[in-house]
Amino acid sequence: MECVVQGIIEMQYVEALEILLQGLCGVHKELLRVHEICLKSGPNLGFVASEVKLLCDLEQPEPTWTVKHVGGAMRGAGAEQISVLVRSMVESKASKNVLRLFYALGYKLDHELLRVGFTFCFQRGAQITVTVSSVSKMLKLHATDDAVSVTPGIQLVEVTAPATSENYNEVVAAVSSFCEYLAPLLHLSKPGVSTGVVPTAAAAAASLMSDGGGTTL
């Protein structure tokens, strides 16, 4: 399973966010360019529809593929009281023939996206990954070079961390604690909860840009 929160930030503040993340994480960013293919199961695979994502990492010299299935979110009173979404998730590396395999199994193409940006991966009470990216859609099948932005002027920020049924409380606490450092620039919440941009972003960005991010915390 994984713990996840999301938010948005205006393009003019992304550089300041990068400076802040560099100071917080103490690691260098990794460039992100991922072709995301979303597939849905056909009627021959049962009455309950399932969805898988095939992720092609275009930043690698030889593109690599990952299969990802995101399941349901944790429910109950405990889940309602925390600000981080805890959900089941399974992913695995795959060969370049994976798309052909899922077509043969009866899955159908639902949509394609191109995510371009950067990530920071680090250990801070949990193995946390922060992804900052623009999202574009393909007008033609697999035509990543002709992708058109669906979030002009806006970058999507996602914070994720792997968890288990035994340690998710500790991981939730680690993610929540880390997100507090980003609060002046953006608000992070459970996926699907729209919170918009924060009014303090301009002042926080100006401060970060003037001092270069300060010291590593």
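Before reading further, recall that the structure is shown in the block above.
Reference entry: report on the structure contained in this document. Since the model is a prediction, treat every value here as computed from it, not as a measurement. (Residues numbered from 1 in each chain as written. Predicted model: local features only at pLDDT ≥ 70, side-chain atom pairs only at ≥ 80, totals over all residues. Heavy atoms only, no water.)

## Examining unusual backbone geometry
Residue His142 is not a glycine yet carries a positive backbone phi of 60 degrees. In this fold, His142 is placed in the loop between β7 (127-137) and β8 (148-149). (Helix = DSSP H or I, 4+ residues; strand = E, 2+ residues; numbered from the N terminus.)

## With respect to the pairing of β7
Along β7, eight of the eleven residues are buried, which leaves the element largely enclosed by surrounding structure. As paired strands, strand β6 (residues 107-123) and β7 are joined by eleven bridges and run antiparallel to one another. Each residue of the ladder has a partner; that of Gly117, found in β7, is Ser133. Two successive antiparallel strands, β6 and β7, enclose a turn made up of three residues, where Gly125 displays a positive phi of approximately 80 degrees. Here β7 pairs with strand β9 (residues 154-162) via five bridges, running antiparallel. Each bridged residue has a counterpart across the sheet, and for Ser133 the counterpart in β9 is Leu156. In terms of strand pairing, β7 meets β8 through two bridges, oriented antiparallel. Considered in β8, the bridge of Ser136 is made with Ser149. (Buried < 20%, exposed > 50% of the residue type's maximum accessible area, 1.4 Å probe, protein only. Pairing = 2+ DSSP bridges.)

## A few points about a nonpolar patch on the surface
On the surface, a cluster of nonpolar side chains totalling about 280 Å² of accessible area is made up of Tyr103, Leu109 and Leu141. Inspection of the secondary structure assignment puts Leu141 in the loop between β7 and β8. Accessibility expressed as a relative area gives 58% for Leu141, which makes it exposed. (Patch = residues over 30% accessible without salt bridge, like charges linked within 9 Å, V, L, I, M, F, W, Y side chains within 5 Å. Areas by Shrake-Rupley, 256 points an atom, 1.4 Å probe, with all protein chains shown as cover. Salt bridge = Lys/Arg side-chain N within 4 Å of Asp/Glu carboxyl O.)

## As for the nonpolar core
One finds Leu21 and Phe178 to be the most contacted residues of the largest nonpolar core, which totals 39 residues. Sorting the residues of this core by element identifies β1 (2-10), α1 (14-25), β6, β7, β9, α4 (168-182) and α5 (201-211) as the ones contributing at least two each. In this view, Phe178 contacts Leu21, Leu24, Cys25, Phe122, Arg124, Ile128, Val130 and Val159; residues no more than four positions away in its chain are not counted. (Core = buried A, V, L, I, M, F, W, Y, C linked by side-chain atoms within 4.5 Å. Contact = heavy atoms within 4.5 Å.)

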